[in-house]
Amino acid sequence: MLEAVVYLNGDFMFARGKYWFIIFIILISSGTLFSQQTVVDNLEQLTNFETNNSTVVFVSDAESGGLFYVSKANIQPDYGIVFPRKNGGIWVRHFNKALGVNVAWWGAKGDGYSDDIEAFDRATKYCLDHNLILNLPSGVFRISKQWVIGAKATNETTLLNNGYSISGTINIKAHEMARALSPFIVRGSTNTCIYGDFDTDSLTAIVYYGIKSNGLPKQKSNAHYTHEFSNIGFYGKGFFDGIKPKIQITKKKSNKQIGLALVYGTNIKITGCTFNSLEYGMVANTIYFSSITNSHFENCFTGIHTLFSNSNLIQNVSGFYNKVFINIRGSQIVINNMNSEYCETALIFSGINLVLNGVYCENHNLNLPNNSQLIFGRSDGNSKSSKSLTTGVVINGMTLTAGGRDVIMLADDMRTLNINGSNINGKIITRNKANKIILSNTIGGLNVIGPAQIIDQR
């Protein structure tokens, strides 16, 4: 949403969206706007403006315009808030700091064709330096390279590894104070999309697209460390024609891109976002006390992928046509209201203590391999060698119907699965006599196959 400021009787009045321009016209016609009524069409005219006695100029451009005043402060122009003044000094933009800044002020077009990465980088720097919110108006923002927030770029080939080898690539001390004192909040508007259009099509290396935020798990105060990404669509290269994303059922790996990568952080909020046509919609490595809510994942090889990320919440999420909707390796996870349709696998979990409240999985009439909808324990062939066990999984209120496919699989390292108040139709596959399934208040045509211990309390 665009914001503008008008100067009225010594005070500033803020208007949002298309209405600020109407207010401006009314004030100009009535003569109540600043006495000199100095108006220019765009920011280029502002920097070339031959000033007389005017100390306030209004830029009428609907995207990046606003009210500017003269200052003699020794501040370098950033071409978003501060602009050079031809007669000496600088022009400084008036805006409401509580509402944050707009990426369009730095020249982002959002037309799906122009490269907006430079505007994003400049706006990000300003927000981090001044602890401000970054607003993205409606539009398709094409970026030609990775948008990095905070720390150094992580070695992309190790982001998804099992170990902590990525830690050596992040200069934690150098960024600790800046990240703790300057949380980063990005808020989109209606139909805000970030479109990653990179030059490389490499199939051997993962390429980031979108946002990568590096945080720290050991900051002193969580209260000063909340990051938020809301109401943003993330789309991969090759799946956008300038108007709408292309739809494709994922039968093999999608574009080798990641929509949103989060490394080392706490109190991160992802809400109202859409991830479409990516290899990984979202990756979280070593993230704590964070949440993903009201978001949608479609046409991704993996929608949500987490490693070593504990005490997190996933709520009101939906996934369509993903190969794997959610893959979690962590502990103390709560998933509320999860809807998976036409995904090859809805959930893979390896860790301790997972609570699923309200799960719906459907796969009728979809010609996919007979992989289970829910997989508990290590399913990558390393179950027997795993030092940690998967246990404490509780499912409340689940509906599983997979069109004759297996619905649940318990790997060798899985221990206890509690199913309560659910409707399950399909086979539950077990592979180890140490697997234990406790059933209560559960109906449906479920059939447990394998050596698991069954405690039936229905």
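My aim in this report is to walk through the structure given alongside it, one point at a time. (Residues numbered from 1 in each chain as written. Predicted model: local features only at pLDDT ≥ 70, side-chain atom pairs only at ≥ 80, totals over all residues. Heavy atoms only, no water.)

1. Thoughts on the overall build of the protein
Note the cut-off: Numbering of helices and strands runs from the N terminus; a helix is a DSSP stretch of H or I covering at least four residues, while a strand is a stretch of E covering at least two. The buried label applies to any residue whose accessible area, calculated with a 1.4 Å probe on protein chains only, is under 20% of its type's maximum; exposed applies above 50%, and partly exposed to all values in between. Only heavy atoms matter for contacts: two residues are in contact if any of them lie within 4.5 Å across the pair. Each accessible area value is a Shrake-Rupley result obtained with a 1.4 Å probe; residue values ignore everything except the protein chains displayed when judging cover.
Helix and strand counts for the protein stand at four helices and 34 strands. Classification of the 458 residues of the protein by burial places 55% in the buried group. Pairs at least 24 residues apart make up 50% of the contacts formed inside the protein by residues separated by at least 6 positions. Of the accessible surface of the protein, which amounts to about 19400 Å², a share of 51% is contributed by carbon and sulfur atoms.

2. Looking at the packing of aromatic side chains
The test is simple: In this analysis, rings of Phe, Tyr and Trp, with Trp reduced to its six-membered ring, are considered paired at centre separations within 6.5 Å, and the interplanar angle assigns stacked below 30 degrees, edge-to-face beyond 60, and tilted for intermediate values. Note on criteria: charge over ring means Lys NZ or Arg CZ within 6 Å of the ring centre, with the direction from the centre no more than 35 degrees off the ring normal.
Scanning the model with the defined rule gives twelve aromatic pairs in all. Taken together through their ring pairs, the aromatic side chains of Phe 95, Trp 105, Trp 106 and Tyr 126 make up a single cluster. The ring of Trp 91 has Arg 85 lying over it, and the distance from NZ or CZ to the ring centre is 5.6 Å.

3. A word on helix α3 (residues 117-130)
Rule in force here: Here the expected length of a helix is defined as 1.5 Å per residue gap, with one fewer gap than residues.
The end-to-end C-alpha distance of α3, which contains 14 residues, comes to 20 Å, matching closely the 20 Å that a straight helix rising 1.5 Å per residue would cover. Of all the residues in α3, the buried ones are Ile 117, Ala 119, Phe 120, Ala 123, Thr 124, Tyr 126, Cys 127 and Leu 128. One or two residues past the end of α3 sits Asn 131, with phi positive at roughly 55°.

4. Structural notes on the environment of Met 409
Its place among the elements puts Met 409 in strand β29 (residues 408-410). The spacing of Met 409 and Lys 427 is 18 residues in sequence and 8.5 Å in space, taken between C-alpha atoms.

5. Let's talk about the sheet that holds strand β7 (residues 90-93)
Condition: Strands pair, by our definition, only if DSSP identifies at least two bridges between them.
One open sheet holds the five strands; their spatial order is β3-β4-β5-β7-β6, and the pairing between them is mixed. Each edge of the open sheet is held by one strand with a lone partner, namely β3 (39-40) and β6 (82-84). Note: strand β4 (residues 56-59) against strand β5 (residues 66-71), four bridges, orientation antiparallel. Directly across from Val 59, in β5, lies its bridge partner Gly 66.

6. A word on unusual backbone geometry
The backbone of Ser 311 sits at a positive phi, close to 55°, despite the residue not being glycine. By the element assignment, Ser 311 lies in the loop between β23 (302-307) and β24 (312-320). For Asn 337, which is not a glycine, the phi torsion comes out positive at approximately 55°. Mapped onto the elements, Asn 337 comes out in strand β25 (residues 324-341). Looking at Asn 337, the relative accessible area reads 44%, which means it is partly exposed.

7. Re the pattern of salt bridges
Selection criterion: Whenever Lys or Arg places a side-chain nitrogen within 4 Å of a carboxyl oxygen from Asp or Glu, that contact is recorded as a salt bridge.
One pass over the full model with this rule turns up five salt bridges. In this structure, the salt-bridge partner of Glu 228 is Arg 187, at a minimum N-O distance of 3.1 Å. You can see Glu 228 sitting in strand β16 (residues 227-230) and its partner Arg 187 sitting in strand β13 (residues 185-187), a full 41 residues away along the chain. When the shortest N-O distance is used, the salt bridge between Asp 412 and Arg 431 registers 4.0 Å. You can see Asp 412 sitting in the loop between β29 and β30 (416-420) and its partner Arg 431 sitting in the loop between β31 (423-430) and β32 (436-440), a full 19 residues away along the chain. Exposure remark for Asp 412: the relative accessible area of 13% places this residue in the buried category. Given the relative accessible area of 45%, Arg 431 is considered partly exposed.

8. Digging into the nonpolar core
Threshold: Buried residues of nine kinds, namely Ala, Val, Leu, Ile, Met, Phe, Trp, Tyr and Cys, make up a nonpolar core once their side-chain atoms join them within 4.5 Å.
Ranked by size, the top nonpolar core spans 77 residues in total, and within it Phe 376 and Ile 408 carry the most contacts. Apart from residues lying up to four places away in sequence, Phe 376 is in contact with Leu 347, Phe 349, Leu 354, Leu 356, Val 393, Ile 395, Ile 408, Met 409, Leu 410, Ala 411, Met 414 and Leu 417. Residues Leu 43, Phe 49, Phe 68 and Phe 83 belong to the second largest nonpolar core, which totals nine residues.

9. Regarding the pairing of strand β14 (residues 192-196)
By the criterion of burial, β14 is predominantly enclosed, with five of the five residues buried. In terms of strand pairing, strand β11 (residues 139-143) meets β14 through five bridges, oriented parallel. Along β14, the bridge assignment pairs Ile 143 with Gly 196.

10. Details of the pairing of strand β28 (residues 391-401)
The pairing of strand β26 (residues 345-362) with β28 spans nine bridges and is classified as parallel. In the strand pairing of β28, Ile 352 is matched with Thr 391. Judged from the four bridges that link them, β28 and β30 form a sheet pairing that is parallel. By the bridge assignment, Ile 395 is partnered in β30 with Ile 419.

11. Here we look at the side chain of Thr 302
Secondary-structure assignment places Thr 302 in strand β23. A residue is classified by how much of its surface remains accessible, and Thr 302, at 4% relative accessible area, is buried. Not counting chain neighbours up to four residues away, the residues in contact with Thr 302 comprise Glu 279, Tyr 280, Gly 281, Val 324, Phe 325 and Asn 327.

12. Concerning the state of the cysteines
Defined as follows: Cysteine sulfur atoms that come within 2.5 Å of each other are treated as a disulfide pair.
Under the criterion given, the structure shown has zero disulfides. Left unpaired, Cys 300 is separated from the closest cysteine sulfur, that of Cys 343, by 9.5 Å. Given a relative accessible area of 0%, Cys 300 falls into the buried group.

13. Observations regarding the side chain of His 296
By secondary structure assignment, the location of His 296 is in strand β22 (residues 291-298). A relative accessible area of 17% places His 296 in the buried class. The residues touching His 296, leaving out its near neighbours within four places in the chain, are Cys 273, Thr 274, Phe 275, Ser 318, Gly 319 and Phe 320.

14. Digging into the environment of Arg 122
This is how the line gets drawn: Two N or O atoms form a polar contact when they lie within 3.5 Å of each other; inside protein one atom must be a possible hydrogen donor and the other a possible acceptor, and for residues adjacent in sequence the pair counts only when both atoms belong to side chains.
Checked against the element boundaries, Arg 122 lands in helix α3. For Arg 122, a relative accessible area of 35% gives the class partly exposed. Separated by 44 residues in sequence, Arg 122 and Asp 78 have C-alpha atoms that sit 7.3 Å apart. Beyond its immediate stretch of four places on either side in the chain, Arg 122 contacts Asp 78, Tyr 79 and Trp 106. A distance of 2.7 Å separates polar atoms of two side chains, one belonging to Arg 122 and the other to Glu 118.

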